[in-house]
Amino acid sequence: MVESKAEKADVGREDADSRKDDMEVDETGEAPVKVFTVEILRVIKDMQLQHGLRHGDYQRYRGYCSRRVKRLRKTLNLPQGDRRHYKKRNVSAAHLEKPDSDERFLHIPLMLAERTWSYAMQLRQESNTEPRKRFHLIEKLRKSCSYALQLQDLCTSDRCDARTKLEAEAYSAWIHGSLHFELALWKSAAENLKKAQVIYENLAQAMPEEEQTVYRAKVEELKPSLRYCAYNVGENASVNDLLEMRGQAGLLGDLSHLVAQTKAESMEAFQMTEWRGRSVTVRPEKVRLFLLSIQELSKSIEKAKDFPAKIELLENVLLDCKDAIAAIKEEIKQDPKLRQNPAEGGTGALIGIQYLLAYMSYTRLKLTLERNLLLVGQAKLTLDDPNVAEKSQLAAGGGKKTKPQDLSRLYEIILQNVTEMQQLTGMESDASYQSEMETISLSFRAFRCYYIAITLVAMKRWREAVAMYERSKKYANEAASAKVASSDFDLRPELKQLVATIEGCKFSAHAYSVLEDDNADDTVLFGKSQKSSKPLYERLSHYKEDASLNSRNPNVFKLIPEMEPIPAKPLFFDLALNFVEFPSLEDKIEQKVAGKGATAGMSGFVKGLFGWGGGAGK
């Protein structure tokens with residue numbers, strides 16, 4: 001049978017991985033002892049879905065297993081005789097103990113077990129119409145059990161890690177449980193299937209979150225078979241009582257020890273980070289280095305001497321954060337399974353790598369917001385204290401004094417950062433997260449309105465300033481009284497101080513607005529000089545000193561009056577005139593009858609002058 005391109009690609013990747021492993025050496029220059037890790041359940045699930053079992057085609061999967069065994073034996077130089085003679089050669093522990101050994105030796109008994117199991121499942125489908133094939137089915141399952149036991153014995157070697165040992169034991173228990181299920185040995189089948197289920201449950205707890213899915217799916221797959229076994233056993237005890245896993249010697253052995261060892265290996269291989277009560281595995285190296293670098297970031301910022309130094313430190317960290325996010329996106333791009341939008345699945349839940357991307361995006365926005373807050377703090381120095389302003393300008397190389405509208409623009413940028421936080425992928429359905437972001441947004445809106453009010457005060461627009469003070473106070477009170485507060489940005493002390501400041505500023509602006517109205521009335525009463533654009537003839541009843549009257553262009557009278565609308569004579573159009581038929585007046589017009597001696601007109605005159613015509617011819 002012709003090999004597919006996918007199978008050839010698998011072989012190429014395996015050869016590349018093996019060459020890479022051969023190149024790895026320790027610091028002393030000697031090749032380290034390899035410890036094999038074979039993710040048995042994930043490997044067989046991927047192969048089954050890619051080679052027929054997605055559609056229940058067991059014959060196609062059996063053919064793939066046969067070809068794969070042939071390729072493995074050829075690659076690992078483990079043939080079973082030549083073209084003429086057959087000599088059985090099984091994988092032994094000696095093959096694993098060699099210095100140049102390969103973990104693919106373990107794949108040979110695994111593929112043999114999968115091949116016989118798929119043949120048995122094919123016979124089960126055919127036994128519905130041909131009952132005699134059931135005997136063949138039982139024999140194939142027995143053979144699959146022998147290969148599974150061979151795999152389990154090989155995995156007991158010290159060259160295999162705890163995870164591989166647990167997976168081999170669970171796989172063997174599942175194959176034996178399937179055989180006993182077909183033989184109607186319900187109690188034995190329940191014991192083996194429950195053993196496999198317990199191991200897969202413990203593996204799911206020990207693995208990172210993105211690797212738990214395949215184990216939990218296998219646990220759910222075993223539940224119907226276990227319920228059917230319990231029904232056929234017919235005892236009052238449940239399936240859990242049929243098998244006291246930890247109490248029976250030799251059944252699971254040191255399960256707890258192997259699970260603890262698997263957890264330790266998982267923690268060593270990948271760094272775990274936690275955000276909003278959920279742990280996530282950090283695989284990319286750049287992300288791990290970045291998370292380690294920001295652990296002491298707050299202390300480094302506190303040690304910085306001034307605002308420019310703190311801002312520069314945060315900007316450098318932001319560059320590293322962008323590189324880490326790019327590494328995560330590249331990993332998602334390489335794996336087609338991770339490209340799916342989480343909202344398309346209906347649940348809206350994020351898998352591990354996507355949750356890590358959301359966390360890193362939040363970290364980038366948080367650092368950006370902290371940088372902008374430092375810019376606000378630096379601007380407040382030049383706004384509040386002129387003496388400090390001069391020092392800071394000298395340190396920064398000069399510059400203008402900060403205006404209130406500059407601070408309002410900075411808070412506008414901060415609000416844009418908060419909006420991006422609210423729109424993070426996968427966090428739209430998190431109610432507590434959205435509540436925190438809304439509280440932060442209200443806080444910064446309060447500060448923005450406050451500085452807009454100060455800008456309006458400088459422009460002497462008192463009424464608008466009072467309205468902005470009121471709005472700022474409203475936002476500040478709502479944010480301060482919110483039940484959910486962000487752990488990263490707790491602005492309640494600043495908000496209380498802002499409310500106290502607004503109280504005085506609001507009454508001051510209101511008083512100025514009243515004084516302005518009084519000054520306007522006094523100007524009219526006492527004749528104070530006030531500039532006016534009206535000409536003199538329109539304000540003759542009011543005495544006002546106008547210096548422009550003594551100039552060359554006094555504003556006395558407008559010589560060219562302004563255009564005014566006046567009534568005009570309407571124009572009428574008779575649209576029906578073209579469609580009216582008028583009576584004939586031919587009988588009213590006098591017809592001129594041409595007499596005999598009448599003049600023939602110009603032509604007759606010419607004829608007479610030159611002697612032409614009928615008379616001359618005669």
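Residues numbered from 1 in each chain as written. Predicted model: local features only at pLDDT ≥ 70, side-chain atom pairs only at ≥ 80, totals over all residues. Heavy atoms only, no water.

Looking now at the overall build of the protein chain. The secondary structure content of the protein chain amounts to 22 helices and two strands. The proportion of buried residues among the 618 residues of the protein chain is 38%. Contacts in the protein chain between residues far apart in sequence, at least 24 positions, make up 66% of those at least 6 positions apart. Accessible area for the protein chain stands at about 38,900 Å²; split by element, carbon and sulfur atoms hold 53% of it. (Helix = DSSP H or I, 4+ residues; strand = E, 2+ residues; numbered from the N terminus. Buried < 20%, exposed > 50% of the residue type's maximum accessible area, 1.4 Å probe, protein only. Contact = heavy atoms within 4.5 Å. Areas by Shrake-Rupley, 256 points an atom, 1.4 Å probe, with all protein chains shown as cover.)

This part is about helix 7 (residues 162–182). When the terminal C-alpha atoms of helix 7 are compared, their 31 Å separation across 21 residues agrees well with the 30 Å that a helix rising 1.5 Å per residue should span. Across the 21 residues of helix 7, 19 count as buried, placing the element largely inside the fold. Where helix 7 terminates, the next one or two residues include Ala 184, which has phi positive at roughly 65°. (Expected span 1.5 Å × (residues − 1).)

The next subject is the confidence of the model for the protein chain. Caution applies to low-pLDDT regions: their predicted coordinates should not be interpreted in detail. In the predicted model, the protein chain carries a mean pLDDT of 78, and 75% of its residues have values of at least 70. Ranking the elements of the protein chain by mean pLDDT puts helix 16 (residues 386–395) last, at 41, and helix 5 (residues 107–126) first, at 93. Predicted confidence is poor over residues 16–29, with pLDDT under 50, and the contacts of this stretch with residues over four places away or in other chains come to ten contacts. A low-confidence stretch, residues 241–253 stays under pLDDT 50, and its non-local contacts, those more than four residues away or across chains, total 24 contacts. (pLDDT = per-residue confidence, 0-100.)

Our next topic: helix 19 (residues 462–480). For helix 19, with 19 residues, the first-to-last C-alpha span of 27 Å sits near the 27 Å given by 1.5 Å per residue. Of all the residues in helix 19, the buried ones are Trp 462, Ala 465, Val 466, Met 468, Tyr 469, Ser 472, Lys 473, Tyr 475, Ala 476 and Ala 479.

To continue, consider the nonpolar core. If you look at the biggest cluster of nonpolar residues, it comprises 69 residues, and the most contacted ones within it are Phe 290, Leu 356, Met 360 and Phe 444. The biggest single contributor to this core is helix 15 (residues 352–384), with 15 residues. Residues in contact with Phe 290, not counting those within four places in the same chain, are Val 317, Asp 320, Cys 321, Ala 324, Met 360, Thr 363 and Leu 367. Of all hydrophobic cores here, the second largest spans 63 residues; its members include Val 91, Met 121, Val 219 and Leu 222. (Core = buried A, V, L, I, M, F, W, Y, C linked by side-chain atoms within 4.5 Å.)

Further remarks concern the layout of surface pockets. Taken as a whole, the second largest pocket spans an internal volume of roughly 800 Å³. For the second largest pocket, the lining is made up of 34 residues, of which Lys 366, Glu 370, Leu 373, Asp 488 and Phe 489 are closest to its centre. Listed by contribution, the elements that provide at least two residues to the lining of the second largest pocket are strand 1 (271–275), helix 13 (297–303), helix 14 (307–334), helix 15 and helix 18 (431–458). No other element matches helix 15, which puts eleven residues into the lining of the second largest pocket. (1 Å grid on protein atoms, 1.4 Å probe; cavity = no way out; pocket = protein on both sides within 12 Å on 5 of 7 lines; lining within 4 Å. Points joined across faces, edges and corners; volume = space filled by probe spheres on them.)

Nonpolar side chains collect at one region of the surface, where Tyr 537, Leu 540, Val 556, Phe 557, Leu 559 and Ile 560 lie side by side and expose about 700 Å² of accessible area between them. With respect to the helices and strands, the residue Leu 559 is situated in the loop between helix 20 (492–526) and helix 21 (602–610). (Patch = residues over 30% accessible without salt bridge, like charges linked within 9 Å, V, L, I, M, F, W, Y side chains within 5 Å. Salt bridge = Lys/Arg side-chain N within 4 Å of Asp/Glu carboxyl O.)

A few words on the side chain of His 176. Tracing the backbone through its elements, the reader meets His 176 in helix 7. For His 176, a relative accessible area of 17% corresponds to the buried category. A distance of 2.8 Å separates the side chain of His 176 from the backbone oxygen of Ser 172, its partner in a polar contact. Those residues in contact with His 176, other than ones at most four positions away along the chain, are Cys 145, Leu 149 and Asn 192. (Polar contact = N/O pair within 3.5 Å; in protein donor to acceptor, adjacent residues only side chain to side chain.)

This model, assessed by the stated rule, comprises 19 salt bridges. Note that Glu 126 is salt-bridged to Lys 133, the shortest N-O span being 2.6 Å. Among the residues examined, Glu 126 registers a relative accessible area of 25% and is labelled partly exposed. Looking at Lys 133, the relative accessible area reads 23%, which means it is partly exposed.

Time to look at the packing of helix 2 (residues 40–50) against helix 3 (residues 58–75). Between helix 2 and helix 3, the shortest axis-to-axis distance is 9 Å and the interhelical angle comes to 125°. It follows that helix 2 is oblique to helix 3 by the angle criterion. Remark: the crossing between helix 2 and helix 3 carries right-handed chirality. Seen from helix 2, the contacting residues are Ile 44, Met 47, Gln 48 and Gln 50; seen from helix 3, they are Arg 60, Tyr 61, Tyr 64 and Arg 68. Among the residues forming the contact of helix 2 with helix 3, the class breakdown is four nonpolar, two polar and two charged. (Axes fitted to C-alpha atoms, helices over the stretch in contact; angles between N-to-C directions. Parallel < 35°, antiparallel > 145°, perpendicular 65-115°, else oblique. Left-handed = near helix turned anticlockwise from the far one by under 90°. Nonpolar A, V, L, I, M, F, W, Y, C, P; charged D, E, K, R; others polar.)

We now examine the packing of aromatic side chains. Under the definition given, this model contains 15 aromatic pairs. Seen in terms of ring centroids, Phe 181 and Trp 186 are 5.3 Å apart; in terms of plane orientation they differ by 85°. Their pairing is edge-to-face. Linked through ring pairs, Tyr 411, Phe 444, Phe 447, Tyr 450, Tyr 451 and Tyr 469 together constitute an aromatic cluster. Lys 310 extends its terminal NZ or CZ atom over the ring of Phe 307, reaching a point 5.6 Å from the ring centre. (Phe/Tyr/Trp six-rings, centres within 6.5 Å; stacked < 30°, edge-to-face > 60°. Lys NZ or Arg CZ within 6 Å of the ring centre and 35° of its normal.)

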